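# Structure at a glance
Chain by chain, the residues:
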Amino acid sequence: APRPVVVVVVTHDPPGDRRDALLAALAAQDHPNLDVLVVDTGEDDVTEAVHAVLPEARVERREGAAGFGAAANTVLDLVTGAEFYVFCHDDVEPDRGAVSALVAAAEHWDADVVGPKLVASDDDRRLLQFGVTVDKVGVALPLIERRELDQGQHDGLRDVFAVPGAFTLVRASAFAEVGGFDEAISFLNDDLSLCWRIRVAGGRVLVTSAARVRHAEAFATRPEAEA
């Protein structure tokens, strides 16, 4: 039977066109056992907009939640029975087969975290990220040159230290084992921390080019700094 997957979208007042593009992309996913949980941390309630595209999605209001990790950890209290979570920023647009490709890689290679190829939303021929490593003091280092032309030179599947958190599949049991995201990290590097702790617990982290996601990288400043 298809593995049950829950996409956990953390959203904070995105522009309507960007929100609608994400919802349409999730509605188009070809994985046959997929649910969506939207954790809304912004001031504007997105429930009506979400249900217009994804009538079965669950929307949980967490206005003022302190960071992506704290909001995403809501899944531990609200969801049971999922084998995988896909943690999703509100500025991405996954290809139709992205979730299926992430699940396939996790199952075939017994991985606990799998990330996609991230490409620029303004030009999907340009690569943004394809996994990261860390230096000796724990600073994340990209494995590709930012915005280099995608000619298939990095295609395939590889073990990596961590994957960026824009659209990341995590095995539900591994996520629960490490206690989810570190809620003390309210801005950036929560993805690195999660992958690090899962690796310490014996998990495997992969990135696969079979899953491609366009990323606007709109989350460049703290939400409260925008006011």
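Up top you'll find the structure we're talking about.
Just so you know, these numbers come straight off a predicted model, no measurement behind them.

## Some thoughts on the overall build of the protein chain
A tally of helices and strands in the protein chain yields seven helices and twelve strands. C-alpha atoms of the protein chain, sized along the principal axes, occupy 40 × 40 × 35 Å. Taken across its 227 residues, the protein chain has 49% of its residues classed as buried. Contacts in the protein chain between residues at least 24 apart in sequence constitute 73% of all its contacts with a sequence separation of at least 6. Carbon and sulfur atoms make up 47% of the accessible area of the protein chain, which amounts to about 10400 Å² in all. Of the side-chain charges in the protein chain, 21 are positive and 39 negative, and the distance between the mean point of each set is 6 Å.

## Side note on a nonpolar patch on the surface
Taken together, Val137, Val139 and Leu141 make up a surface patch of nonpolar side chains, about 260 Å² in accessible area. Considering the arrangement of structural elements, one finds leucine 141 in strand E9 (residues 140-142).

## Quick notes on the nonpolar core
Within the largest apolar cluster, 36 residues are counted, with the highest numbers of intra-cluster contacts made by Val75, Tyr85, Phe87 and Phe175. The biggest single contributor to this core is helix H7 (residues 190-200), with four residues. Excluding its chain neighbours within four sequence positions, the residues that come into contact with phenylalanine 175 are Asn73, Val75, Leu76, Tyr85, Phe87, Val170, Gly180, Phe181 and Leu194. If you look at the next biggest cluster of nonpolar residues, it comprises 35 residues, including Val46, Ala105, Ala106 and Leu206.

## Comments concerning unusual backbone geometry
The backbone phi angle of aspartate 13 is positive, close to 50°, even though this residue is not glycine. With respect to the helices, strands and loops of the structure, aspartate 13 is situated in the loop between strand E1 (5-11) and helix H1 (16-27). Using a relative accessible area of 30% as the deciding quantity, one classes aspartate 13 as partly exposed. For asparagine 189, which is not a glycine, the phi torsion comes out positive at approximately 70°.

## Section: the pattern of salt bridges
By the definition in use, this model includes 22 salt bridges. Here aspartate 90 ties to arginine 18 by a salt bridge, and the two come within 3.4 Å at their closest N and O atoms. Of this pair, aspartate 90 sits in the loop between strand E4 (84-88) and strand E5 (92-94) while arginine 18 sits in helix H1, and the two are 72 residues apart along the sequence. Its salt-bridge partner being aspartate 20, residue arginine 19 comes within 3.1 Å of it at the nearest N-O pair. The class of arginine 19 is partly exposed, set by a relative accessible area of 23%. Here aspartate 20 falls in the partly exposed class, since its relative accessible area comes to 35%. Connected through shared salt-bridge partners, Arg3, Glu83, Glu107, Asp112 and Arg171 make up one network.

About the thresholds
- Residues numbered from 1 in each chain as written.
- Predicted model: local features only at pLDDT ≥ 70, side-chain atom pairs only at ≥ 80, totals over all residues.
- Heavy atoms only, no water.
- Helix = DSSP H or I, 4+ residues; strand = E, 2+ residues; numbered from the N terminus.
- Buried < 20%, exposed > 50% of the residue type's maximum accessible area, 1.4 Å probe, protein only.
- Contact = heavy atoms within 4.5 Å.
- Areas by Shrake-Rupley, 256 points an atom, 1.4 Å probe, with all protein chains shown as cover.
- Lys, Arg positive; Asp, Glu negative; His and termini not counted.
- Charge placed at Lys NZ, Arg CZ, Asp CG, Glu CD.
- Patch = residues over 30% accessible without salt bridge, like charges linked within 9 Å, V, L, I, M, F, W, Y side chains within 5 Å.
- Salt bridge = Lys/Arg side-chain N within 4 Å of Asp/Glu carboxyl O.
- Core = buried A, V, L, I, M, F, W, Y, C linked by side-chain atoms within 4.5 Å.

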